[in-house]
Amino acid sequence: MNRTLGIFGALALLCTAPAAAQNLIPQPVSVEWGEGFVALIPYRVIEATHGELAPLADYLEGAIPGGRVRLTLDGASDLPAGGYRLTVAPERVVVAGRDYGGVWNGIQTLMQLFPAEVYSGSTGTPSAQFTLPVVTIEDWPAMEYRGVMLDVARTFVPKEQVMRLIDNIARHKINKFHWHLADDEGWRIEIKSYPRLTEIGAWRGGDSPVFPVYGEWDTKYGGFYTQDEIREVVAYAAVRGVEVIPEIDLPGHSRAAAIAYPEILCGYTPDLTASGGYDTRNVWCVAREENYAMLDSIIREVAALFPSKTFHLGGDEVETGAWRACPHCKALMAERGITDAARLQDIFMARVIEIAARHGKNAGVWNEAAAGGGIARSTTVWGWESLAAAKRVAADGYPTVVCAGEYFYFDMRQSPRDIGHIWAGIVTLEKVYSFSPAALGFTTAAQANLRGVEATLFHELGLENGPGYVDYQLFPRVCALAEVGWAPATRRSWDDFERRLTQRSPRPGGFDDAPSHLERLAAMGIAYRAAEPVPDPGLARLKTPAVSFTSSMTARERDPFSRVSGYSGAARTTRSVGEGDWLLWTFAEPVTASRIDIKTGYDHLQRGGVPVGRVEVSYDGSTFETAARMHDLKATLTPDRPVKAIRIVSESPYNGETFTIIQPLKIR
Ligand code: TNX
């Protein structure tokens, strides 16, 4: 296939060669700078020597402003998978890939030789500044698996944004997109044989039987992908050399599915006292034979949509209480001679792994599912709980993807003042970059089992932090992850990485500097995290007037109400807030304040508070009037008179938890 659009050649300009000056990320294996720069011809002449590279020729056509480029699979067969040779010479640019992904990777390196504008979508006539350095690059990845996981269950991410994310990670030579499609809070993929999974399970709040959590408390919220949309995303990713790995999280994390099809749950009537009458069980019954027929049908439909050989079946954080209470599960345990109910998970996982195999897939699981050692060693295991857990599964002989929380959970905070979870600590950019299997004590045998690395974005905090959240959490940490997966630790230097990320690099001969990588991210339209957030100066000057706090609920011993009245921390009650429950702050003296912030639920996460309700104010301590409504578990008052008391009256039957958290008032 030959796409000749013009006849002029490129022009070589004689200048001194740049030092390793193009700020390439991830850092290639070998770069040999030649003499001078090549000025681009003002139109594209893109040629692909193999029919299968046609999508890449089309991609490049829309991606660069000019130049004569040959894409080929010839001349790189000696390189490892994903490898490429890129030569920029006056007569033409050649991207020779070991395979399709190799050509993609070479194209991405080529694009980093351009000014950052190449990413801003303007592929018109190149200006005089559009010059490429003469160079030969030979390059291949250290790790086969370089992934990003997105949870679309807690916060739904529309198809277009998923594709945008895939594009942006693929530009960093990330080659796997792990799509977390079902969890407690939503089922996001159309299953034709079980339509209620999305008719009911894709929506929460409003008139849905799935109760609201994590924001959008008083509206019906959700979404799902039709099978056609899934195919579209998979095809879009394939053009970019990205394999899409679906995940249906089993047998736990399945509340949305269980609300749509309650018969999948264990066969007993649960005690609903702490949960406002909701059945919150989220675990498939192991002993119910019909469950496996249903799962066969679900797995068959999902498997058919994804060309990936890998099918992630979940297996994390299974709440075994239901199994222990279930007469059928207990009978199964007796029959198999199992005394620990947790081991029922081995039986369940073996069944679904076998179903996946029947539909042509190798299973993937989270590390807990491999804890018993009872599942097949062909199963890829994602080591997420900790570095130690990742080491353990790798040492146990499982092909391992490392996504250990303390390195690769990008829902963690990037600094103490940032948004995010904290359970795995602060995950700074430098921490991500520091990951090195050898230095962190993976044995040689364990290292041989590593498939690679993956960043995960679990998405409980998406709704409350708005549309920029995904970019903010992922970038620039994905840039560090990309280099960790691509370049062995022996070839990496934090100082050098940080320089390439943040500093421009001068180019001789009067040409524009090579952009910093952050400039490229900006040109891609990524709302990356640029710096640590500044503290709110008002917080240091909060008032703490004497106040008493009471409620219709009682506090548990460990987190008493005195924490709220003492402004020292959060209190936690012994049950979910229900309709008519109240929280009351009474000041010793009326308080003059310009602003009072009221917050319930976790400090960092919209969960466990008062979702719907009114906020009443009293100026005399006896008559109350409604002054605000709870929104996103919080409210703000700007009183024009001294306030004697504040009362929250709940109008929601349930908050999705078995407790309610109350934060101290912030009074300014
Ligand atoms: C643990 S990661 C989970 C997720 C949460 C995440 C929050 C995993 C396999 N389970 O359900 O969203 O922590 O960081």
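By nearness alone, 13 residues border the ligand, and Arg154, Asp316, Tyr409, Asp411 and Glu460 come closest of all. Between Arg154 and the ligand, the recorded distance is 2.7 Å, taken from a side-chain N or O atom to an oxygen atom. Glu460 places a polar side-chain atom, nitrogen or oxygen, 2.5 Å from an oxygen atom of the ligand. Within the complex, the protein chains bury 95% of what would otherwise be the 360 Å² of accessible surface of the ligand. Here the shell around the ligand is composed, by residue class, of six nonpolar, two polar and five charged.

Among the nonpolar cores identified, the biggest contains 172 residues, and Leu71 and Trp179 are the most heavily contacted of them. Taken together, domain 1 (4-140 + 505-523) and domain 2 (145-491) each give at least three residues to this core, which thus spans both. For Trp179, the contacting residues outside a window of four places in its chain are Leu150, Val152, Val162, Tyr225, Ile230, Val233, Val244, Ile245, Pro246, Glu247 and Phe306. Ranked by size, the runner-up nonpolar core spans 28 residues in total, among them Met553, Val564, Phe587 and Ala635.

On to the packing of aromatic side chains, then. According to the stated counting rule, one finds 27 aromatic pairs in the structure shown. Geometrically, the ring pair formed by Trp366 and Trp384 is edge-to-face, given 6.4 Å between the ring centres and 75° between the ring planes. Of this pair, Trp366 sits in strand S16 (residues 362-366) while Trp384 sits in the loop between strand S17 (380-383) and helix H11 (387-395); the two residues are 18 residues apart in sequence, bridging distant segments of the chain. Look at Trp366 and you get buried, because its relative accessible area is 1%. Taking relative accessible area as the criterion, Trp384 reaches 8% and is therefore assigned buried. Grouped by ring-pair contacts, the aromatic residues Phe156, Phe177, Trp179, Tyr225 and Phe306 constitute a single cluster. The ring of Tyr268 is capped by Arg281, whose NZ or CZ atom sits 4.7 Å from the centre of that ring. Positioned above the aromatic ring of Tyr292, the side-chain terminus of Arg351 is 3.9 Å from the ring centre.

Reading guide: rules and limits
What you see as residue numbers is a count from 1 along each chain, following the sequence as written. Since the coordinates come from a predicted model, pLDDT governs what is reported: local features require at least 70, and pairs of side-chain atoms require 80 or more to be given and counted, while whole-chain, interface and lining totals use all residues. Side-chain calculation: all heavy atoms of the structure are included, whereas hydrogens and water are not. Note on terminology: near, applied to a residue and a molecule or strand, indicates that one of the residue's heavy atoms is within 4 Å of it. Distance and chemistry together define a polar contact, namely a pair of N or O atoms within 3.5 Å, with one atom able to donate a hydrogen and the other to accept it when in protein, and with adjacent residues in sequence counting only for side-chain atoms on both sides. Note that accessible areas follow from Shrake-Rupley with a 1.4 Å probe, and for residues the cover is restricted to the protein chains shown. Any residue that is not Ala, Val, Leu, Ile, Met, Phe, Trp, Tyr, Cys, Pro, Asp, Glu, Lys or Arg is counted as polar, Gly included; the first ten are nonpolar and the last four charged. The term nonpolar core refers to a set of buried residues drawn from Ala, Val, Leu, Ile, Met, Phe, Trp, Tyr and Cys, joined through side-chain atoms within 4.5 Å. Exposure classes here rest on a 1.4 Å probe applied to the protein chains alone. A residue is buried below 20% of its type maximum, exposed above 50%, and partly exposed in between. Throughout the structure description, domain borders are defined by an automatic or database domain assignment. Note on contacts: a residue pair qualifies if any of its non-hydrogen atoms lie within 4.5 Å across the two residues. Here a Phe, Tyr or Trp ring, Trp counted by its six-membered ring, pairs with any other such ring whose centre lies within 6.5 Å, and the pair is stacked when the planes are under 30 degrees apart, edge-to-face when over 60, and tilted otherwise. A run of DSSP states H or I qualifies as a helix once it reaches four residues; a run of E qualifies as a strand once it reaches two. Both are numbered from the N-terminal end. When the NZ atom of lysine or the CZ atom of arginine is within 6 Å of a ring's centre and also within 35 degrees of its normal, the charge is said to sit over that ring.

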